[in-house]
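# Fold and contact review
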Amino acid sequence: MSQADKYTTEKIIELQIWASNLFSFKLTRFSGYRFVPGQFSRLGIKKENGDIVWRAYSIVSASYDEHLEFFSIVVPDGEFTSRLDKLKVGDEMLVEKMNYGSLITTRFEQGKDLWMLSTGTGLAPFISILHELDTWETYENIILVYSVREAKEFAYLDTIEGFKAHEYFSEFSEKFRFVPIVTREKIPGTLSERIPTLLESGMLEQEVGLGLDPERSRIMICGNPEMCDDTRQWFTNHGYVVSRRSKPGHLALENLW
Ligand SMILES: Cc1cc2nc3c(=O)[nH]c(=O)nc-3n(C[C@H](O)[C@H](O)[C@H](O)COP(=O)(O)OP(=O)(O)OC[C@H]3O[C@@H](n4cnc5c(N)ncnc54)[C@H](O)[C@@H]3O)c2cc1C
Ligand SMILES: NC(=O)c1ccc[n+]([C@@H]2O[C@H](COP(=O)([O-])OP(=O)(O)OC[C@H]3O[C@@H](n4cnc5c(N)ncnc54)[C@H](OP(=O)(O)O)[C@@H]3O)[C@@H](O)[C@H]2O)c1
């Protein structure tokens, strides 16, 4: 297979800016592109000299959407995002035909509560997972935790609140709890400690009104690598096991850098 057979060339069809360093973009989707919610794509941008710079991006959109959506940080001088930041609607991006990643619910042992713990753009895969009917039908309780530094960095709040009135998912609205966290400002209605601290103090369980228990809780973690490490450590210390392809467990995680 030649290099060019490994990807398709897609077009940007929509951009949405959330904050000075955060935005989302939608791409046309090759009709044969398949993924499991929670997985990531590899996206490419052609450099000035013709080389391609590739980066992993968690898919935000639903498996059944006609487009592919992504949620991105802009890293000053980042090789990929400094170029991405300059693209406009109609510009081209490359998408590898393969999709990747094990941040998926299908490798879990059967459970009752799904806890999705995110920081920053780590929210992305959970928006996709929440657009899956199977997620709502499988779990008795679904908890989304989303931590940002400052409130202006929150994205997708309308989508998250919108699940309560969603045409397919509103019947499950009683199952859903959203826990926003803002760590560098005091904002009413949000928690202000980091996720591992909230786990250690029991404050997260208290806020949600539900206990964590490896018998019933299935945990997904995505975002800042140190957050992922510290949070995984807390769970493994409390009897949770990371899911493997050959051995289903209670825990799945994805570091974003
Ligand atoms: C499995 C996987 C999924 C990913 N999904 C996403 C996603 O959905 N959205 C997204 O924006 N990025 C995502 N990333 C990160 C992405 O691949 C790039 O690192 C990011 O686009 C920056 O690229 P860059 O070349 O500009 O900077 P890089 O040279 O890649 O990164 C430079 C530095 O920027 C910081 N950084 C990188 N990515 C992030 C981030 N997402 N949030 C905060 N700080 C960051 C880190 O300090 C990193 O060392 C993912 C990475 C992996 C491995
Ligand atoms: N104003 C700025 O200069 C600015 C703003 C945003 C981003 N950035 C740049 O963008 C990059 C990423 O920023 P980001 O805000 O998306 O990601 P981030 O630094 O990972 O912060 C997102 C959330 O994750 C939390 N977090 C960070 N480390 C953690 C850990 N070890 N355990 C638990 N929670 C943790 C943060 O809490 P804490 O607040 O406690 O760290 C915050 O609530 C940074 O490297 C930074 O250089 C700069």
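Source: prediction; values computed, not measured. (Residues numbered from 1 in each chain as written. Chains lettered and ligands numbered in written order. Predicted model: local features only at pLDDT ≥ 70, side-chain atom pairs only at ≥ 80, totals over all residues. Heavy atoms only, no water.)

### Remarks on the overall build of the protein
Across its full length, the protein holds 7 helices and 11 strands. For the protein, the C-alpha radius of gyration of 18 Å lies close to 18 Å, the compact-globule estimate for 257 residues. Each principal axis of the C-alpha atoms in the protein carries an extent, and together these give about 55 × 40 × 35 Å. A buried classification covers 51% of the 257 residues belonging to the protein. Summing over all exposed atoms, the protein offers an accessible surface of approximately 12,800 Å²; the carbon and sulfur share of this is 47%. Across the protein, 29 positive and 38 negative side-chain charges occur, with their mean positions spaced 5 Å apart. (Helix = DSSP H or I, 4+ residues; strand = E, 2+ residues; numbered from the N terminus. Rg over C-alpha atoms; globule rule 2.2 N^0.38 Å. Buried < 20%, exposed > 50% of the residue type's maximum accessible area, 1.4 Å probe, protein only. Areas by Shrake-Rupley, 256 points an atom, 1.4 Å probe, with all protein chains shown as cover. Lys, Arg positive; Asp, Glu negative; His and termini not counted. Charge placed at Lys NZ, Arg CZ, Asp CG, Glu CD.)

### Some thoughts on the pattern of salt bridges
One pass over the structure, following the stated rule, counts 12 salt bridges. Residue Arg 216 is joined to Glu 140 by a salt bridge in which the shortest nitrogen-to-oxygen separation is 3.4 Å. With Arg 216 in the loop between α6 (203-208) and β10 (217-223) and Glu 140 in the loop between α3 (133-138) and β8 (141-148), this pair connects stretches of sequence that are 76 residues apart. For Arg 216, a relative accessible area of 24% translates into the label partly exposed. Between Glu 161 and Lys 164 there is a salt bridge; the shortest N-O distance is 2.9 Å. Residue classification places Lys 164 among the partly exposed residues on the basis of a relative accessible area of 48%. (Salt bridge = Lys/Arg side-chain N within 4 Å of Asp/Glu carboxyl O.)

### Some remarks on the domain arrangement of the protein
In terms of domain boundaries, the protein breaks down into domain 1 (3-96) and domain 2 (105-255). Taken together, the contact pairs 20 residues of domain 1 with 17 residues of domain 2. Taken over both partners, the interface formed by domain 1 and domain 2 buries close to 1,500 Å², and the fraction arising from carbon and sulfur atoms is 62%. Counting the surface domain 1 buries against domain 2, the share from its top three residues, Trp 18, Val 60 and Phe 71, is 35%. Viewed at the interface, domain 2 and domain 1 are joined by 0 salt bridges. If you look at where domain 1 meets domain 2, you find 6 residue pairs in polar contact (both at pLDDT 80 or more). If you list the elements that add at least two residues to the side of domain 1 that touches domain 2, you get β1 (7-19), β2 (22-28) and β5 (67-73). (Domains from an automatic or database assignment. Contact = heavy atoms within 4.5 Å. Buried area = accessible area lost by both parts, 1.4 Å probe. Polar contact = N/O pair within 3.5 Å; in protein donor to acceptor, adjacent residues only side chain to side chain.)

### Side note on the sheet that holds strand β7 (residues 113-119)
The strand order across the open sheet built from 5 strands is β9-β8-β7-β10-β11, with neighbouring strands paired in parallel fashion. Pairing within the sheet leaves two strands with one partner each, and these edge strands are β9 (176-182) and β11 (251-255). The average angle at which neighbouring strand axes cross in this sheet is 10°, direction not considered. Relative to the sheet, helix α7 (residues 225-237) contacts β7, β10 and β11, its axis offset from that of β10 by approximately 160°. (Pairing = 2+ DSSP bridges. Axes fitted to C-alpha atoms, helices over the stretch in contact; angles between N-to-C directions.)

### Observations concerning the site of ligand 2
In the neighbourhood of ligand 2, 16 residues make up the surrounding shell, with Ser 147, Thr 183, Arg 184, Arg 194 and Asn 224 lying closest. Only β8 and α7 provide two or more residues apiece to the shell around ligand 2. Top element by residues in the shell around ligand 2 is α7. It accounts for 3 residues. Of the residues assigned to the shell around ligand 2, the class counts are 5 nonpolar, 5 polar and 6 charged. (Near = heavy atom within 4 Å. Nonpolar A, V, L, I, M, F, W, Y, C, P; charged D, E, K, R; others polar.)

### Details of α7
For α7, which comprises 13 residues, the first-to-last C-alpha distance of 18 Å matches the rise-based estimate of 18 Å (1.5 Å per residue) to within 8%. Taken together, the buried positions of α7 are Pro 225, Met 227, Cys 228, Thr 231, Trp 234 and Phe 235. Contacts made by the buried residues of α7 are with β7, α5 (195-201), β10 and β11. Capping the start of α7 is the job of one residue whose side-chain oxygen sits 2.8 Å from the backbone nitrogen of Glu 226: Asn 224. Looking one or two places after α7, you find Gly 239, whose phi comes out positive at around 95°. (Expected span 1.5 Å × (residues − 1).)

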